[in-house]
Amino acid sequence: RGRQLGRTWGLPTINQVPENGKLLPPFGVYATRTHIEGKEYLDRVNIKIEEVYDAMRKGILPKTSQVAPSQIYDLFEKYCDEGKDFIYLAFSAVLSGTCSLAQNIIEELKEKYPERKMDVIDTKAGAIGIGVIAMQVLKLIENNQKLIIE
């Protein structure tokens, strides 16, 4: 059982641990930029999640900004260099430019690594929705079922 921090927003959270090697990147910090009262932070680098929730409890609405293109490119290229095929589950393209950015990077890398299978899925969802979708994708993979991307 987690710390139930999602209840601050009135949204439940689930704590799932996928099988080793099934989630890329594996566990770690994802460099999301958060802005609170005009100051920029790197999530879980120079601000704790509790501090974000504390700001929200005070009525301050944190804002986020897109991950740097070089971070996405470097990560995707690393997987290609390692011979790994992958699918990137993107935050809704309506809510963020990250999906479009990732699609452009994938198209560029497909020319350099034509043997790699890689794609971006616009989940049309936010953070909690992506988590649920990711768990379903993992189940398909574990059951050797096809994932059809339209």
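Here the structure is shown first, and the text comes after it.
Described below are features of the structure shown in this document. (Residues numbered from 1 in each chain as written. Predicted model: local features only at pLDDT ≥ 70, side-chain atom pairs only at ≥ 80, totals over all residues. Heavy atoms only, no water.)

What follows deals with the packing of aromatic side chains. Inspection of every chain in the model, using the stated rule, returns three aromatic pairs. Through successive ring pairs, a cluster of aromatic residues spans Phe76, Tyr79, Phe86 and Tyr88. (Phe/Tyr/Trp six-rings, centres within 6.5 Å; stacked < 30°, edge-to-face > 60°.)

Below, the discussion takes up the pattern of salt bridges. Scanning the model with the defined rule gives seven salt bridges in all. Arginine 116 serves as the salt-bridge partner of aspartate 85, at 2.8 Å between the closest nitrogen and oxygen. Of this pair, aspartate 85 sits in the loop between α2 (69-81) and β4 (86-90) while arginine 116 sits in the loop between α3 (98-112) and β5 (118-122), and the two are 31 residues apart along the sequence. In this structure arginine 116 comes out as buried when scored by relative accessible area, which is 18%. One salt bridge in this structure joins aspartate 122 and lysine 124, with 3.7 Å as the shortest N-O distance. Classification of aspartate 122 as partly exposed rests on a relative accessible area of 22%. By relative accessible area, which is 66% here, lysine 124 ends up exposed. Counted as one network, the salt bridges with shared partners bring together Lys78, Glu82 and Lys84. (Salt bridge = Lys/Arg side-chain N within 4 Å of Asp/Glu carboxyl O. Helix = DSSP H or I, 4+ residues; strand = E, 2+ residues; numbered from the N terminus. Buried < 20%, exposed > 50% of the residue type's maximum accessible area, 1.4 Å probe, protein only.)

With that out of the way, let us pick up the pairing of strand β2 (residues 39-42). Sheet topology note: the strand β1 (residues 33-36)/β2 ladder contains four bridges and is antiparallel. Opposite isoleucine 36, over in β2, you have lysine 39 as the bridge partner. The turn linking β1 back onto β2 is made up of two residues, and glutamate 37 within it adopts a positive phi angle of 50°. (Pairing = 2+ DSSP bridges.)

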